[in-house]
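What follows is each chain in one-letter form.
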Amino acid sequence: MIDYTPWNEKDYHQIFIHEAKELIEIFRNEIVELHHFGSTSVKDLPGNQTIDILPIVKTLSQVSLYKDKMEAIGYKEVEVKEMTDEQCRLFVAKKNQLTFYVTMIERTNFNAITRRLALRDYLREHKLERLAYAKFKMKQAVQYRNDFNTYNVTKNDYILKLEAKALRWYEAKRG
């Protein structure tokens, strides 16, 4: 059994691995890659008790076949309204004071995959950007501690600008 201790003491990567194993067991024939992204995937970046998981699947339409198995391990599928640039399936679970977001994207949707992984990798490699983002997140969390929606909107605006930098860096790196 995995130990879920208070978020600032957790090894988020180990929690991701534990959850990834369950997803692989369910989607054995569909998942082609599996990634940890979001704040908890970047060392020294404050997390908010949320683990973001990106399974890249062969065919998005096949995901429905596994919905019952996802529900059996605590996940519910939620409608994705905010993602206008991509097709995905989103499952959410709350387990032991943590929230898991599983965003399934079809392997042919390169833009949706790239923007998530580019941001993660950019923050992992650029300490000053990571520290600036951490400082921003902490300030917003205090300022909007009773207003999650405003916190999210403000954070998302920041992330979009950071993501644009990350994508330019990623493309330059790829040559």
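Here's what I pulled together on the structure shown here. Bear in mind the structure is a predicted one, so any value in this text is a computation, not a measurement.

Moving on to the overall build of the protein. Counting its regular elements, the protein contains five helices and five strands. Listed by position from the N terminus, the elements making up the protein come as α-β-β-α-β-β-β-α-α-α. The globule rule puts the C-alpha radius of gyration for 175 residues at 16 Å, and the 16 Å found for the protein is close to it. C-alpha atoms of the protein, sized along the principal axes, occupy 40 × 40 × 30 Å.

Before going further, it helps to spend a moment on helix H3 (residues 110-125). Look at H3: 21 Å from first C-alpha to last across 16 residues, which is about the 22 Å you get at 1.5 Å a residue. H3 sits mainly inside the fold: twelve of its 16 residues count as buried. Of the surrounding secondary structure, the elements contacted by the buried residues of H3 are strand S1 (31-37), strand S2 (50-57), strand S5 (98-106), helix H4 (127-143) and helix H5 (148-174).

Taken in spatial order, the five strands line up as S1-S2-S5-S4-S3 in an open sheet, and their pairing is mixed. What marks the edges here is a single partner per strand, and that holds for S1 and strand S3 (76-78). Ignoring strand direction, the axes of neighbouring strands in this sheet form an average angle of 25°. By the bridge criterion, six bridges tie S1 to S2 in an arrangement that is antiparallel. Each bridged residue has a counterpart across the sheet, and for Phe37 the counterpart in S2 is Asp52. Sheet strands in contact with helix H1 (residues 12-26) are S1, S2, strand S4 (89-95) and S5, and its direction is about 155° off that of S1. Against the sheet, H3 makes contact with S1, S2 and S5, and its axis sits at roughly 40° relative to S1, the strand it touches most.

On to the packing of H4 against H5, then. Running from amino to carboxyl end, H4 crosses H5 at an angle of 170°, the nearest separation of the two axes being 10 Å. Judged by the angle between their axes, H4 and H5 are roughly antiparallel. Across from Glu129, Ala132, Tyr133, Phe136, Lys137, Gln140 and Ala141 in H4, the residues of H5 making contact are Tyr151, Thr154, Lys155, Tyr158, Ile159, Leu162 and Lys165.

The next point concerns H5. Over its 27 residues, H5 extends 37 Å from the first C-alpha to the last, a length consistent with the 39 Å expected when each residue adds 1.5 Å. Immediately downstream of H5, the backbone of Gly175 shows phi near 85°, a positive value.

Glancing now at the pattern of salt bridges. This model, assessed by the stated rule, comprises nine salt bridges. The partner of Lys67 in a salt bridge is Glu77, and the shortest N-O contact between them spans 3.8 Å. Of the two residues, Lys67 is situated in helix H2 (residues 67-72) and Glu77 in strand S3; the sequence distance between them amounts to ten residues. For Glu77, a relative accessible area of 25% translates into the label partly exposed. The closest approach of N and O atoms between Arg115 and Glu163, which form a salt bridge, is 2.9 Å. Here the residue Arg115 occupies a position in helix H3, and Glu163 occupies one in helix H5, the gap between them amounting to 48 residues. The burial state of Arg115 is the same as that of Glu163; both residues are buried. Here the salt bridges do not stand alone but share partners, grouping Glu19, Glu22 and Lys95 into one network.

The rules we used
Residues numbered from 1 in each chain as written. Predicted model: local features only at pLDDT ≥ 70, side-chain atom pairs only at ≥ 80, totals over all residues. Heavy atoms only, no water. Helix = DSSP H or I, 4+ residues; strand = E, 2+ residues; numbered from the N terminus. Rg over C-alpha atoms; globule rule 2.2 N^0.38 Å. Expected span 1.5 Å × (residues − 1). Buried < 20%, exposed > 50% of the residue type's maximum accessible area, 1.4 Å probe, protein only. Contact = heavy atoms within 4.5 Å. Pairing = 2+ DSSP bridges. Axes fitted to C-alpha atoms, helices over the stretch in contact; angles between N-to-C directions. Parallel < 35°, antiparallel > 145°, perpendicular 65-115°, else oblique. Salt bridge = Lys/Arg side-chain N within 4 Å of Asp/Glu carboxyl O.

Purely geometric stuff here, so don't read any function into it on its own.
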